[in-house]
Amino acid sequence: CILLRADMDALPIVEQTPLPPNQQGSDTAKFHSNHHGKMHACGHDAHMTMLLGATYLIKSLEESNGEFPFPGTIRIIFQPAEEGGAGAKRMREE
């Protein structure tokens, strides 16, 4: 079994970009947090995007070849609460 994991939590940080979250027509507004006091500041958005991309590529290989490209099973996990350390434990318990 192959496990691919990405972390997906926000941090308790106040967004410091210069525009409010709903400012129309601004590139800054596109990534500004919609939740005051919470920010994806550690690259978690990128981690999730990379895992989604890897999942898409693996599935595309399977569909184009008519068979699964790897022996065994691949598990895809989006792990919450990685920053506080409790996310993996909670997922294992659930």
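Residues numbered from 1 in each chain as written. Predicted model: local features only at pLDDT ≥ 70, side-chain atom pairs only at ≥ 80, totals over all residues. Heavy atoms only, no water.

Caption draft 1: Structural context of the overall build of the protein. The secondary structure content of the protein amounts to two helices and two strands. Residue burial in the protein is summarised as follows: out of 94 residues, 18% are buried. Of the contacts made within the protein by residues no fewer than 6 positions apart, 63% connect residues no fewer than 24 positions apart. Split by element, the accessible area of the protein, about 7000 Å² in all, is 56% carbon and sulfur. (Helix = DSSP H or I, 4+ residues; strand = E, 2+ residues; numbered from the N terminus. Buried < 20%, exposed > 50% of the residue type's maximum accessible area, 1.4 Å probe, protein only. Contact = heavy atoms within 4.5 Å. Areas by Shrake-Rupley, 256 points an atom, 1.4 Å probe, with all protein chains shown as cover.)

Caption draft 2: Region of interest: a nonpolar patch on the surface. A cluster of nonpolar side chains, Ile2, Phe68 and Phe70, forms an exposed patch at the surface whose accessible area comes to about 230 Å². Mapping isoleucine 2 onto the fold places it in strand 1 (residues 2-7). (Patch = residues over 30% accessible without salt bridge, like charges linked within 9 Å, V, L, I, M, F, W, Y side chains within 5 Å. Salt bridge = Lys/Arg side-chain N within 4 Å of Asp/Glu carboxyl O.)

Caption draft 3: Region of the structure containing the side chain of aspartate 7. Considering the arrangement of structural elements, one finds aspartate 7 in strand 1. Arginine 5 provides the closest opposite charge to the buried, unpaired aspartate 7, separated from it by 4.5 Å. Among the polar contacts listed, one links the side chain of aspartate 7 to the side chain of histidine 47, at a separation of 2.5 Å. Discounting chain neighbours no more than four positions away, the residues touching aspartate 7 are His44, His47, Met48, Gln79 and Glu82. (Lys, Arg positive; Asp, Glu negative; His and termini not counted. Polar contact = N/O pair within 3.5 Å; in protein donor to acceptor, adjacent residues only side chain to side chain.)

Caption draft 4: Local environment of helix 1 (residues 44-65). Helix length check: helix 1, at 22 residues, gives a terminal C-alpha distance of 32 Å against a target of 32 Å (1.5 Å per residue), a fit within 8%. Buried within helix 1 are the following residues: His44, Leu51 and Ile58. Looking straight down helix 1, one finds its buried side chains confined to an arc of 50°; they lie on one side. Those residues of helix 1 that are exposed and angled more than 90 degrees off the buried face are Thr49, Met50, Leu52, Tyr56, Leu57, Glu63 and Ser64. Elements that come into contact with the buried residues of helix 1 comprise strand 1 and strand 2 (74-79). Note on helix 1: the residue one or two positions beyond its end, glycine 66, has a positive phi of about 75°. (Expected span 1.5 Å × (residues − 1). Arc of directions from axis to C-beta.)

Structural measurements only, silent on function.
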